[in-house]
Structure formats: structure tokens, C-alpha cells
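# Fold and geometry: a report
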Amino acid sequence: MLARTTQPPPATFSDARIELSGVTRRFTSPTGEAFTALHDVDLTIEPGTFCAIVGPTGCGKSTTLGMISGLDRPTAGAARVGGTPVSGITPGTSFMFQADALLPWKSVLANVGLGPMFRHLSKRQAHQLARDWIRRVGLAGFENHYPHQLSGGMRKRVSLAAALINEPSILLMDEPFGALDVQTKAIMSNELLALWEQTRPTVVFITHDLEEAIALADVVVVMTARPGTVKARYEIDLPRPRGAVQEIRFEPRFLELHQQIWQSLREEVEQAYAQTAAPQEGPRP
Ligand SMILES: Nc1ncnc2c1ncn2[C@@H]1O[C@H](COP(=O)(O)OP(=O)(O)OP(=O)(O)O)[C@@H](O)[C@H]1O
Ligand SMILES: [Mg+2]
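This write-up is about the structure you can find in this document. What you see is a predicted model, and the numbers here were worked out from it, not measured in a lab. (Residues numbered from 1 in each chain as written. Chains lettered and ligands numbered in written order. Predicted model: local features only at pLDDT ≥ 70, side-chain atom pairs only at ≥ 80, totals over all residues. Heavy atoms only, no water.)

### Focus: the side chain of glutamate 212
Along the chain, glutamate 212 turns up in helix H6 (residues 210-216). One buried charged residue, glutamate 212, remains without a salt bridge, the closest side chain of opposite sign being lysine 185 at 4.0 Å. In this structure the side chain of glutamate 212 is engaged in a polar contact, spanning 2.5 Å, whose partner is the side chain of threonine 207. (Helix = DSSP H or I, 4+ residues; strand = E, 2+ residues; numbered from the N terminus. Buried < 20%, exposed > 50% of the residue type's maximum accessible area, 1.4 Å probe, protein only. Lys, Arg positive; Asp, Glu negative; His and termini not counted. Salt bridge = Lys/Arg side-chain N within 4 Å of Asp/Glu carboxyl O. Polar contact = N/O pair within 3.5 Å; in protein donor to acceptor, adjacent residues only side chain to side chain.)

Next up, the structure:
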């Protein structure tokens, strides 16, 4: 993955408020039929909040991120960041995706230093800042390695450093740790939480892992099967700092929240499965 930011972050904290109102996104399928991927999504995420979005595959989670980042536009409704309608790439936003998007021909140092270079820092300043972030994500000594010389977990750390070096006020994460083994994922989650607590960007974190969502987030949003909309929103009242995500999942309150949210999510997962198991009926309008 590669984190990119094109402009400096918004100036004030409230500029990191995300508001989707009545957002609908229609696509044309490869066979030329129109179908609705997102339908009437209303979602407000307050500045500094860690929001996790869960929902069945194909329900429009990545599409929702596209509305916030400005990489895509609603067919109807409005996406606003800091009260301003999203138009072009949203300033102050960094992305982290599931797939590695590090530049394979650039070293760890150069990959992490790319954001500051885009922000017109000198190469020396960019590399100085990059070294600091490489250290913060526990990769000191690997500055001159290339992505192919790193493990999957190490590449994620590089990605995280490349995202956070831009000091984003909004961090959009699309299943960032989905490809990692369970232990590495837990380590990365702990590191993400520790770093997030230092700078508190607004985070929108997409995952299929409900335990991961509850362990990390202040708010868990459940989306319906396609056409996706917000089904329910759960405030996660587990105290912060959370400590190790591996341990919090045994807390009684965690188990209670998990049971409650899973009830809601399971219905949608079953519905989505039924949709794909009956392809002759075609997509829902
Ligand atoms: N550019 C596009 N053109 C046509 N259809 C699209 C496009 N982008 C997404 N879709 C469709 O919109 C629906 C939602 O896609 P999206 O990628 O947002 O789902 P998702 O919830 O992120 O799924 P997953 O959990 O599998 O990543 C899918 O049916 C997908 O095929
Ligand atoms: Mg997706």
C-alpha cells in the first residue's frame, strides 16, 4: 500500500468531521444494467473518532470510502468533510489499503519519505522525517531494504509509517490487515492504536473481522447487504487506552457487544450469501 496526501491537512480539528447524507451510488454492470451499490447512506463521524465499518462482501464499504476520499462521487446525496462538499481528493487524508501499494523499486526510506517530498520538503528533511517514522513503527535498521526483502507484516508497518508521516486529519483504511496472520494482525492493531492515540486523526477502518472492529473502534457501523446502507451504529464504550487487543476480547463487556453486533451483522451476511447463491435473479435494483 502507499499512503498519499496531496495537500496539507485541514487547519482545524472540526475540519475532520465526516458527513454522508442520503448518499446513493449507482453503477453500470459489465452487461450494461444499472444497479445500486449504496443506497441512502447517512453517516456522521465526529473528528478524532475511530469508526469501524463492517458488512458483508460487496455491500459497498470500499465505495463508501471512495465518497469520503473524493476518489468517487455520489450519484445522489452529499459527502462533506469539515462541512465542505467533497470535490476532488479530500485534503489531509491518507489511505491504507489491503493490497501492498509500496513502490517496489524504492527503498523503505524512499517509500516512507514520498509523502513529505510531495509536500515539497527537501530530500534531506523528508528522509529525516521518514527515519523517525520508520523507527516509530519498529523498523529501524531496515531503511535501505526494498519491499520484496520484507515480510508481509513489515510491509504493513512501512505502509502505516507512509500513511502517518503525512499527519493526516483523516485516515481511511480498507481492510489494511486483512492479509496478515492472526498474531501479526494483533501486533499491528496494537501499534495502530498506540499511534492513533498520539495524533487522533478521524479513522474510517473497514474490516471483515468484527473482533478487530470492536477492539479498535469508538463506533462500529454495520452495513446491510447490497444495496448497502447503514443498518445500525454501536458506540463501543470500552475504556481507553485499550491495551492489548488480544486481551480485551475476553472482557465481559467486549463479549456482550460482540454478541449484540454479530446478531445484526449475521443477518446481512446471510442475506448477501443468498444473493450470490441465486445469480439468475440478477443484482437487486
Ligand atoms: N467502478 C465500479 N463499477 C461497477 N461496479 C462497481 C464499481 N465499484 C464497485 N462496484 C460494485 O459495487 C458493489 C460494492 O462494491 P464495494 O467494493 O464497495 O464492496 P465492499 O463492501 O467493499 O466489498 P468487499 O468486502 O468484498 O471488499 C459491488 O457489487 C461491486 O461490484
Ligand atoms: Mg472492499
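### Overview of the packing of aromatic side chains
This structure, assessed with the given rule, holds five aromatic pairs. Plain terms: the ring middles of phenylalanine 50 and tryptophan 196 are 5.4 Å apart, the flat faces sit at 80 degrees to each other, and that makes the pair edge-to-face. Of this pair, phenylalanine 50 sits in strand E3 (residues 50-54) while tryptophan 196 sits in helix H5 (residues 182-199), and the two are 146 residues apart along the sequence. Under the relative-accessibility criterion, tryptophan 196 is labelled buried at 2%. Put simply, the rings of Phe50, Phe177, Trp196 and Phe205 pair up and form one aromatic cluster. Its guanidinium or amino end placed over the ring of tryptophan 133, arginine 136 lies 4.0 Å from that ring's centre, counting from NZ or CZ. (Phe/Tyr/Trp six-rings, centres within 6.5 Å; stacked < 30°, edge-to-face > 60°. Lys NZ or Arg CZ within 6 Å of the ring centre and 35° of its normal.)

### Let's talk about the pattern of salt bridges
Enumeration over the complete set of coordinates arrives at 14 salt bridges. In this structure, aspartate 72 and arginine 25 form a salt bridge, with 3.0 Å as the shortest nitrogen-oxygen distance. Pair noted here: aspartate 72 is in the loop between helix H1 (61-69) and strand E4 (76-81) and arginine 25 is in strand E1 (residues 18-28), with a separation of 47 residues, a long-range link. With respect to burial, aspartate 72 and arginine 25 carry one shared label: buried. Two residues, glutamate 235 and arginine 233, come together in a salt bridge whose shortest N-O distance is 3.3 Å. In this structure glutamate 235 comes out as partly exposed when scored by relative accessible area, which is 49%. Looking at arginine 233, the relative accessible area reads 39%, which means it is partly exposed.

### As for the sheet that holds E3
The pairing of strands in a sheet happens through backbone hydrogen bonds and is either parallel or antiparallel. If you walk across this open sheet you meet the six strands as E6-E7-E8-E3-E9-E10, and the pairing is mixed. Either end of the sheet is taken by a strand with one partner, and the two such strands are strand E6 (93-97) and strand E10 (230-235). Sheet twist, expressed as the average angle between the axes of neighbouring strands with direction ignored, equals 15 degrees. In this sheet, strand E8 (residues 202-206) lies alongside strand E7 (residues 170-174) in parallel orientation, the contact comprising five bridges. Among the inter-strand pairings, leucine 171 is bridged to a residue of E8, identified as valine 203. In the packing of H1 onto the sheet, the strands contacted are E3, E6, E7, E8 and strand E9 (219-223), and the crossing angle to E7 comes to about 155 degrees. Strand contacts of H5: E3, E7 and E8, with the helix running at about 140 degrees to E3, the strand carrying the most contacts. (Pairing = 2+ DSSP bridges. Axes fitted to C-alpha atoms, helices over the stretch in contact; angles between N-to-C directions. Contact = heavy atoms within 4.5 Å.)

### Notes on the site of ligand 1
In the vicinity of ligand 1 lie 15 residues, with Thr57, Gly58, Lys61, Ser62 and Thr63 positioned nearest. In the model, an oxygen atom of ligand 1 is placed 2.9 Å from a nitrogen or oxygen of the glycine 60 main chain. Between ligand 1 and the protein, one listed contact pairs an oxygen atom with a side-chain N or O atom of lysine 61 at 2.7 Å. Taking 640 Å² as the accessible area of ligand 1 by itself, protein coverage stands at 62%. Of all the secondary structure elements, the ones that give two or more residues to the shell around ligand 1 are E1, strand E2 (34-45) and H1. Ranked by residue count, the leading element in the shell around ligand 1 is H1, at three residues. (Near = heavy atom within 4 Å. Areas by Shrake-Rupley, 256 points an atom, 1.4 Å probe, with all protein chains shown as cover.)

Read these as layout, nothing more, since geometry by itself doesn't imply function.
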